[in-house]
Each structure stands twice: as structure tokens, then as C-alpha cells.
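Spelled out, the chains give:
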Amino acid sequence: MDLTAGHVWVMISAALVLLMTPGLAFFYGGMTRAKAALNMMMMSFIAVGLVGIVWVLWGYSMTGGDGVAQLFGNPFASFGLANLVGTEDLIGAGYGATFAIITVALISGAIADRAKFGAWTLFVPIWVTAVYCPLAFMVWGGGLLSADGAVGGAVGEAVDFAGGTVVHISAGVAALVLALILGKRQGFGKDPAQRPHNIPFVMLGAALLWFGWFGFNGGAAGSAEEAGLIWVNTMAAPAAAMVGWLVTERIRDGRPTSLGAASGIVAGLVAITPACANVSPVGAVGLGIVSGALCALAVGIKYRLGFDDSLDVVAVHLVAGIVGTLSLGFIMMPVEGEGGGLFYGAGPGQLVAQVVAAAIAIALSAVMTAIIGLAIHKTIGFRISSDSEVTGVDLSEHAETAYEFGGLGVGGSFHPFADQMFAQQKSAQPQTTQQNVTEGVHS
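*Asks:* What exactly am I supposed to notice about the overall build of the chain here?
*Replies:* Tallying secondary structure elements over the chain gives 17 helices and two strands in all. Within the chain, buried positions represent 51% of all 443 residues. Long-range pairs, those at least 24 residues apart, make up 74% of the contacts in the chain between residues at least 6 apart in sequence. Approximately 18,400 Å² of the chain is accessible, and the part contributed by carbon and sulfur atoms is 67%. The positive charge centre, built from 16 side chains, and the negative charge centre, built from 26, are 19 Å apart in the chain.

*Asks:* I'm lost on the packing of aromatic side chains in this one. Help?
*Replies:* This structure, assessed with the given rule, holds 15 aromatic pairs. Here the aromatic cluster, defined as three or more aromatic residues joined through ring pairs, consists of Tyr95, Phe99, Trp140, Trp213 and Phe216.

*Asks:* Would you explain helix α6 (residues 164–182) in this entry?
*Replies:* Given 3.6 residues to a turn, an α-helix orients residues that are three or four positions apart in the same direction. Over its 19 residues, α6 extends 26 Å from the first C-alpha to the last, a length consistent with the 27 Å expected when each residue adds 1.5 Å. Most of α6 sits inside the fold, with 17 of its 19 residues counted as buried. Taken from the residues just after α6, glycine 183 is the one with a positive phi, measuring 85 degrees.

*Asks:* I'm lost on the nonpolar core in this one. Help?
*Replies:* A general feature of soluble globular proteins is that nonpolar side chains tend to end up buried together. Counting 111 residues, the largest nonpolar core has Phe27, Val104, Ile107, Phe123, Trp127 and Tyr132 as its most contacted members. Examining the composition of this core, we find that 14 residues originate from one element, helix α4 (residues 117–140), more than from any other. Leaving out residues up to four positions away in the same chain, phenylalanine 123 has contacts with Val104, Ile107, Leu178, Thr369, Ile372, Ile376 and Phe382.

*Asks:* Help me out: how do you make sense of unusual backbone geometry in this one?
*Replies:* Most of the time, phi is negative for any residue but glycine, and the peptide bond is trans. For glutamate 336, which is not a glycine, the phi torsion comes out positive at approximately 55 degrees. With respect to the helices and strands, glutamate 336 occurs in the loop between α12 (313–331) and α13 (349–379). With relative accessibility at 80%, the residue glutamate 336 sits in the exposed group. Of note, the phi angle at alanine 399 is positive, near 55 degrees, even though the residue is not glycine. For alanine 399, the location among the structural elements is in the loop between α15 (393–398) and α16 (416–426). Here alanine 399 falls in the partly exposed class, since its relative accessible area comes to 22%.

*Asks:* Help me understand the packing of helix α1 (residues 5–31) against helix α7 (residues 199–218) in this model?
*Replies:* Each pair of packed helices gets described by two things: the angle between the helix axes and the distance between those axes. At a closest axis distance of 7 Å, the pairing of α1 and α7 adopts a crossing angle of 155 degrees. Put simply, α1 runs roughly antiparallel to α7. In this structure, α1 crosses over α7, and the sense of that crossing is left-handed. For the contact of α1 with α7, the residue count by class is 19 nonpolar, seven polar and no charged.

*Asks:* Help me out: how do you make sense of the side chain of serine 170 in this one?
*Replies:* Note on placement: serine 170 falls in helix α6. Setting aside chain neighbours within four positions, we find serine 170 in contact with Thr103, Trp127, Val131, Leu135, Thr165 and Ser365.

*Asks:* Please explain the pattern of salt bridges as it appears in this structure.
*Replies:* Side chains that carry opposite charge are capable of pairing whenever their charged atoms lie near each other. Here the structure, examined in full by the defined rule, presents eight salt bridges. With a closest N to O distance of 3.4 Å, arginine 33 and aspartate 113 form a salt bridge. Of this pair, arginine 33 sits in the loop between α1 and α2 (37–59) while aspartate 113 sits in the loop between α3 (89–107) and α4, and the two are 80 residues apart along the sequence. Of the two residues, arginine 33 and aspartate 113, neither departs from the other in class, the shared state being buried. Here lysine 302 and aspartate 312 are joined by a salt bridge, their closest N and O atoms 3.0 Å apart. Linking lysine 302 in helix α11 (residues 301–305) with aspartate 312 in the loop between α11 and α12, this pair joins segments that are 10 residues apart in sequence.

*Asks:* What is the right way to look at a nonpolar patch on the surface in this model?
*Replies:* A contiguous nonpolar patch, built from Leu3, Val8, Trp9, Met11 and Ile12 and spanning about 450 Å² of accessible area, is present on the exposed surface. Here isoleucine 12 lies in helix α1. Assessed through its relative accessible area of 42%, isoleucine 12 is described here as partly exposed.

*Asks:* I'm lost on helix α9 (residues 258–272) in this one. Help?
*Replies:* End to end, α9 covers 22 Å across 15 residues, agreeing with the expected 21 Å (1.5 Å per residue, within 8%). Among the 15 residues in α9, 13 count as buried, and that is most of the element.

*Asks:* Whenever I open this one, the environment of glycine 218 confuses me. Can you help?
*Replies:* Mapped onto the fold, glycine 218 is located in helix α7. For the pair glycine 218 and cysteine 276, spaced 58 residues apart in the sequence, the C-alpha separation amounts to 8.5 Å. If near-sequence neighbours (up to four positions away) are discounted, glycine 218 is found in contact with Trp9, Ser13, Trp213 and Ile230.

*Asks:* Got a minute to help me understand the packing of α9 against α12 in this structure?
*Replies:* α12 packs onto α9 with a crossing angle of 40 degrees between their chain directions and a minimal axis gap of 7 Å. What the angle tells us is that α9 and α12 run oblique. The hand of the α9/α12 crossing is right-handed. Where α9 approaches α12, its residues Val266, Ala267, Val270 and Ala271 are matched on the opposing element by Val316, His317, Ala320, Gly321 and Gly324. Broken down by class, the residue content of the contact of α9 with α12 amounts to six nonpolar, three polar and no charged.

*Asks:* Is there a simple way to think about the confidence of the model for the chain in this case?
*Replies:* Low-pLDDT portions of the prediction should not be read for the details of their coordinates. The predicted model of the chain has a mean per-residue pLDDT of 92, with 91% of residues at 70 or higher. Taken together, the stretch residues 413–423 has pLDDT below 50 and engages in 11 contacts with residues farther than four places along the chain or on a different chain. Below pLDDT 50 for its whole length, residues 431–443 participates in 13 contacts with residues either more than four positions away or in separate chains.

Parameters and conventions
Each chain carries its own residue numbering, running from 1 in the direction its sequence is written. The predicted origin of the model limits local features to residues at a pLDDT of at least 70 and limits the giving and counting of side-chain atom pairs to 80 or more, whereas totals for whole chains, interfaces and linings rest on all residues. Each side-chain value is derived from all of the structure's non-hydrogen atoms; neither hydrogens nor water enter the calculation. Strands here mean DSSP runs of E at least two residues long; helices mean DSSP runs of H or I at least four residues long; both are numbered from the N terminus. Buried, partly exposed and exposed residues are distinguished by accessible area as a fraction of the type maximum, computed with a 1.4 Å probe on protein chains only: under 20%, between the cut-offs, and over 50%, respectively. Contacts: residue pairs with any heavy atoms within 4.5 Å of one another. With residues, only the protein chains shown are counted as cover, and all accessible areas are computed by Shrake-Rupley using a 1.4 Å probe. When charges are tallied, Lys and Arg are placed among the positive residues and Asp and Glu among the negative ones, while His and the ends of the chain are skipped. Charge coordinates come from a single atom per side chain, which is NZ of Lys, CZ of Arg, CG of Asp or CD of Glu. To pair, rings of Phe, Tyr and Trp, with the six-membered ring standing in for Trp, must have centres within 6.5 Å; the planes then decide the type, stacked if under 30 degrees apart, edge-to-face if over 60, and tilted in the middle. Here a helix's expected span is defined as the number of its residues, less one, multiplied by 1.5 Å. The nonpolar core is taken to be a set of buried Ala, Val, Leu, Ile, Met, Phe, Trp, Tyr and Cys residues, with the residues joined through side-chain atoms within 4.5 Å. Think of each axis as a best-fit line through the C-alpha atoms, taken over the contacting stretch in the case of a helix, with angles from 0 to 180 degrees between the N-to-C directions. If an angle is under 35 degrees, it is roughly parallel; if it is over 145, roughly antiparallel; if it lies from 65 to 115, roughly perpendicular; otherwise it is oblique. Throughout, a crossing is termed right-handed when the near helix is turned clockwise from the far one, and left-handed when it is turned anticlockwise from it by less than a right angle. Residues are sorted three ways: Asp, Glu, Lys and Arg are charged, Ala, Val, Leu, Ile, Met, Phe, Trp, Tyr, Cys and Pro are nonpolar, and all the rest, Gly among them, are polar. By definition, a salt bridge exists where a carboxyl oxygen of Asp or Glu is found within 4 Å of a side-chain nitrogen of Lys or Arg. Excluding any residue in a salt bridge, patches collect residues exceeding 30% relative accessible area, merging like charges within 9 Å and nonpolar Val, Leu, Ile, Met, Phe, Trp and Tyr side chains within 5 Å. pLDDT measures how confident the predictor is about each residue, on a scale from 0 to 100.

Now the structure itself:
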């Protein structure tokens, strides 16, 4: 089969979505303290490696094909993607992988500064297998929530064009559960040092996320008309959400912030994700304003309720994911004069379908994340020690730091080439000189 423009567009979209995970690394990495920046970024990067392997071996198989009780696909149906070699379906398989990668990476922001890297590397493949793949099958693969599924057939098919329930609600709920399991950071709500160390990184990450999101939302467009609507909505909603967030900050705090601008962009992107192909541009603007304002207000919930969601994954992804998903019950445009949301004169059917889908996503992610997270926490431990948290998770987990401040004692302890050089000098130098040199390297 010849390579068509449609094939090329999906491949480009997949590359755009893959770029979103390194973009997320910058977004999250800039919001942590300097002594945790590398660990935060590594949690996103390792998600690419681990989920990429899972997806090839069994993950893709679980999101389509013949289902098991309408819950997940047969893991062995396309094991290793062997039966897709030589077919155009490999393009779609690659595109789907990038969604699974970014979904689990989103969770990491809730446990910044205090999670063992080894525990995270165990959590990632298990969670993708037990939560993401089944939910993707239920919504997109002909499972429980599809038009022919048991739930979708009974209450109506929920609309989730690019992942409001599958990606953002599931990740937001998982983030909340893990934050509760690991507990609060030392000094949470009291230590003024627990603040973003590099706002330019945050804004760079937001820009990369916005850029990649055009592939995230637009990759599955079925026509030029639909692609145009998706593109405009993906531009309009985050633009409006940024304004909504900044206005809320201005009224509440007296100042609009650059961190608020970056966070508002992401909130709008999350909200428009499930609705990007089904609402008008004006509807996208309204959705953006509402989601930006609500997410800005939701940031304070963790202080009132006492849970430590380090980088506000719950306030942005869970809240905006729910807002975007439920908004379709109100502002979804009719298709050929039929259906649509309440604001178009339709009945409550679509809203009911959206509520049910969101509730199932919340329940599945909450229960399975609790099982996985508690099992890891009670066995190998999910949280670093108190001393390691004070020293910094970068040093304790990776033996390196993000910044070297001219020998001020904040560099990492891992110096492979320098250690080799000084080891060779050991036999040639007097003992006192050798000790002085070695202490200088590891200070």
C-alpha cells in the first residue's frame, strides 16, 4: 500500500505526542526544588522506556480485538506486534503507544521529591497494564463503554475523542491515591523552599505540551473539516484557560503569575481533549475560561483537605478532565441535527453517558492504583528515607544533581572519569596529597 497523506499525518502526530513527555519533564522538573529536578525529569523519561516495551509486547493487544468480559483485549492476540508487521496498522499502534506513555508520566508530579525511583519503575508497567489498557479498551476498543458495550448500550455511548477519561481522569485519580499512600513531604505547607526552582523550564514545558497537543487531539481526525475544528479548538481553549486562570489569580492574590499562565494553558488543553471534535470554537473558549478558573481555585484544595499533591496533578488533570468530559453533556454540537448537549435543546442522555463514563474511570483507577501502590509501598517501599528527602532525591536516587554551583558542595557524588583518574594517581602521590585531591572531587 502506498504511503498516503493520512498515514504521514498520523506518524507526525505520534511524534508530536511523544515530544509531550519530554515537555512534561521540563514542566514538572521546573516546578520542583533544585535538588529534585533530575529525579522528576527521569520519572517522565523512564515512562517512555518502560511503556514502550510494554506496548510492543502486550499493551497494544489489550486495547483492541476480542475482549475479555468487555474489560480488556487478549494480551496475546498481537503479542510483540508480530501479526502487524507488513501492515499499515503498525502506524496506529505506534500512535497509541504515545498516549499510554504520557498518561502514566502525568501521575509522577503528585509524588515529586519523595518517591523511590525503583518503586516508580515497578509501578509504571503494572499500572499501564492494569489501568490504562483496560480503560482504553472500554472506551475506544469496543468494550464496556462503547456503543455495543453493556454500559454504553444501556446509558448511551460516552464521547472521549482524545482521552479526557482514558488519560486525564485516570491519571488524576491515580495521582491522588499515590499522594495519599506516600504521605506529605517534610515541611508541606510550611517550608517556603518547596516552590518551583526554574519557572522558565515550566514555561518551556508548557509550550512543548501545547505544541504536541495538536497531534494529541488532531491525529485521529477523520476529515479536513474535523481536523480544522480540532486545531482551532486546541488553540482556543488553552488560550482562554490561561486568561481565566490569570484573572482568578489577579482577583484572589492581587498578581497574575507566569506559573499560573503555564498551568492555565495545561488546564485548557486537558479540558478540550475529550471535546475537541464535538464543540464549537465559541464553546471551546467558554470551556477554557471555566476550566482555567476552576483549576486555579482547585489548587488550594490540597491544603484544606491535607493531602500533598506536589505539582497539582489533581487540581489540573483530574478537575479539568472531569470538566471537559461533563461539558459534552451541555455544549456538544448535534450531529446531522441529532443528539448534542443540553444547550442545543437535546435531552440529558449525553450528560448521563458522560457522568457514567467518568465514574467508571474514577473507580477503576482508584481501586487498581490503591492495590498496586500499597503492594509496592508495603514490600519494597515507595518513599525515600527522611534523610534522603532532606539531602535531595537527586543525590539519593541518582548520585547526581541538576546543577553544579562552582564547587559549593552541591554537585553529585558520581564522577566515573574523575574517579578513574584519581585512582591512577593514588599510587604515584603521597598519602596526604591523594586524600586532599579525593576530598575535593566528592565535596
